[in-house]
Amino acid sequence: MNGEAFFQQALQHFSRQNIPAANQALTQAAQFGHSMATLYLAEQYFRQRPDDAYQFLQQRWNAGVKGTLHRLVTLKAFFDEPDLTVADFKLLHSEAIAGHAESILILLNLSDGHKDQVFYAALLQRFAPRLLHDLALHDLTNQVKEYAEQNADIDDLLEYVCRSWFARTHHEPVLTVEKIGIKLYRKVISQLCCNYITLRLQPHLQPSMVHDPVTGKGIKNDIRTSDIVPITPDHLDWFCLEIDMILESLTGISRKRGESMNLLRYKNHQEYKPHYDAIVGQGPEFDKILSDGGQRVKTAITYLSDNYTGGETEFPKLGIRVKGNVGDVLIFDNWTRDGATLRDSYHSGRPVTQGTKWILTKWLRESSTHYGGMVYPMK
Ligand SMILES: O=C(O)CCC(=O)C(=O)O
Ligand SMILES: [Fe+2]
């Protein structure tokens, strides 16, 4: 048997919940240098002892398996959370120069504003030119054309990267409205991150749904005509995890209390007519929805594009319209302290009259959700 055959065997054991047999097959696949098996196995180790997982991943990197240092740093950053150091970014840098596209993107993103940022853009041009092109980062793409090579001061660059990482959660709102806890933050998420998320997830778009007020089941309805990608755990990458982490710090609500994020696309007069985000209704279907973390107490909207007209988020009862620019985040409450719908939170996504509006929405509940517990078991 080869690595892939052992890996397939492991997946079958997992589907039958036979975890010891699955781990044994994963170990065998990993011995063949199977990278997916190696990453899965590291995750199993991580649940027991993070240090064992880190050691294992470092060893597998030394044995030539790509992607392992990227996984090591991701586990540390989002699931274990000792502060990352310059040494961790050096590990990512090793992946980047070996051609690991996501590692290049992370470093490219965090080096924004450094004179040698183009070093990582040039790496992307070398290893994933189509991706650089599709990201439509015109300034950087032009700089790459003129970039002669290799005089970058990598130590200085990585120290800068590390400082940017620490600055990611420091933001002050430009607008606050006490009545429903509105906070609007400008430029929280980078253009690169916004473009990358839409680019990566748009193949999964499907029509949006709403809860049927009688049965509670998901139905299509004229009230909400956008397309949607529910960002399930399978879709999570560094950038989605980072947004979860930033929203946690802006809202003061643990990521464990989140539903999975949604990517939404509106074009050609698509809209979300005035509504409440709170879940109100009676019957078994509503009980089921509410049993997973209780009420939706807060909403966080991240704006990923701004080259469209119309499409403002409007609060008609407050006379407020928000036009988000790329990377802005809007937060508001849906539910009162006494346990009722916050009437003033009534809001809409106005029709888009030209261009395409992309946003991410995140709903935060009263307590941990199934999603939160599955993705962030360590916290
Ligand atoms: O599109 C918008 O601006 C608002 C979206 C919204 O209200 C929602 O998804 O619940
Ligand atoms: Fe809403």
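Residues numbered from 1 in each chain as written. Chains lettered and ligands numbered in written order. Predicted model: local features only at pLDDT ≥ 70, side-chain atom pairs only at ≥ 80, totals over all residues.

Q: Give a detailed account of helix 2 (residues 19-31), specifying residues and quantitative values.
A: Here helix 2 spans 18 Å end to end across 13 residues, near enough to the 18 Å set by a 1.5 Å rise per residue. Every buried residue of helix 2 is accounted for by Ala22, Ala25, Leu26, Ala29 and Ala30. Buried residues in helix 2, looked at end-on, bunch into an arc of 140°, giving them a common side. Close packing links the buried residues of helix 2 with helix 1 (3-15) and helix 3 (35-48). Phi turns positive, to about 85°, at Gly33, one or two residues after helix 2. (Helix = DSSP H or I, 4+ residues; strand = E, 2+ residues; numbered from the N terminus. Expected span 1.5 Å × (residues − 1). Buried ≥ 20, exposed ≤ 12 C-beta atoms within 10 Å, placed from the backbone. Arc of directions from axis to C-beta. Contact = placed C-beta atoms within 7 Å.)

Q: Any details on the site of ligand 1? Residues and values, ideally.
A: Every residue lining ligand 1 is accounted for by Tyr272, Asp277, Ile301, Thr313, His347, Gly349, Ile359 and Thr361. Going through the elements one at a time, strand 14 (347-349) and strand 16 (357-365) are the ones with two or more residues in the shell around ligand 1. For the shell around ligand 1, the residue count by class is three nonpolar, four polar and one charged. (Near = placed C-beta within 6 Å. Nonpolar A, V, L, I, M, F, W, Y, C, P; charged D, E, K, R; others polar.)

Q: I'd like to hear about the environment of Ala340, residue by residue, with values.
A: Relative to the elements of secondary structure, Ala340 occurs in the loop between strand 13 (329-333) and strand 14. For Ala340, a count of 11 C-beta atoms within 10 Å gives the class exposed. Considering only alpha carbons, one finds Ala340 and Val297, 43 residues apart in sequence, at a separation of 10.0 Å.

Q: An account of the domain arrangement of the protein chain is requested, with residue identities and associated values reported.
A: Each assigned domain of the protein chain is listed here: domain 1 (3-167) and domain 2 (175-375). Taking only C-alpha atoms, the centre of domain 1 and the centre of domain 2 are 29 Å apart. Each side of the interface is counted separately: domain 1 has twelve residues, and domain 2 has eleven residues. Secondary-structure elements contributing two or more residues to the side of domain 1 that touches domain 2 are helix 5 (68-80), helix 7 (101-110) and helix 9 (129-135). For the side of domain 1 that touches domain 2, the element with the most residues is helix 7, which contributes five residues. Its residues assigned to classes, the side of domain 1 that touches domain 2 shows seven nonpolar, two polar and three charged. (Domains from an automatic or database assignment.)

Q: If you had to explain the environment of Leu57 to someone new, which residues and values would you point to?
A: In this fold, Leu57 is placed in helix 4 (residues 50-62). Leu57 gets classed as buried once you count the C-beta atoms within 10 Å, which come to 26. In contact with Leu57, other than residues within four places in its own chain, are Ala42, Thr68, Leu69, Arg71 and Leu72.

Q: Account for the sheet that holds strand 12 (residues 320-322), with residues named and values stated.
A: A sheet is described by the order of its strands in space; here four strands give the open sequence 8-14-11-12, paired in antiparallel fashion. The open sheet is flanked by strand 8 (272-275) and strand 12, the only strands paired with a single partner. Neighbouring strand axes in the sheet, compared pairwise and without regard to direction, differ in orientation by 10° on average. For strand 8 and strand 14, the ladder comprises two bridges, and the chain directions are antiparallel. Bridge pairing in strand 14 links Tyr272 to Gly349. (Pairing = 2+ DSSP bridges. Axes fitted to C-alpha atoms, helices over the stretch in contact; angles between N-to-C directions.)

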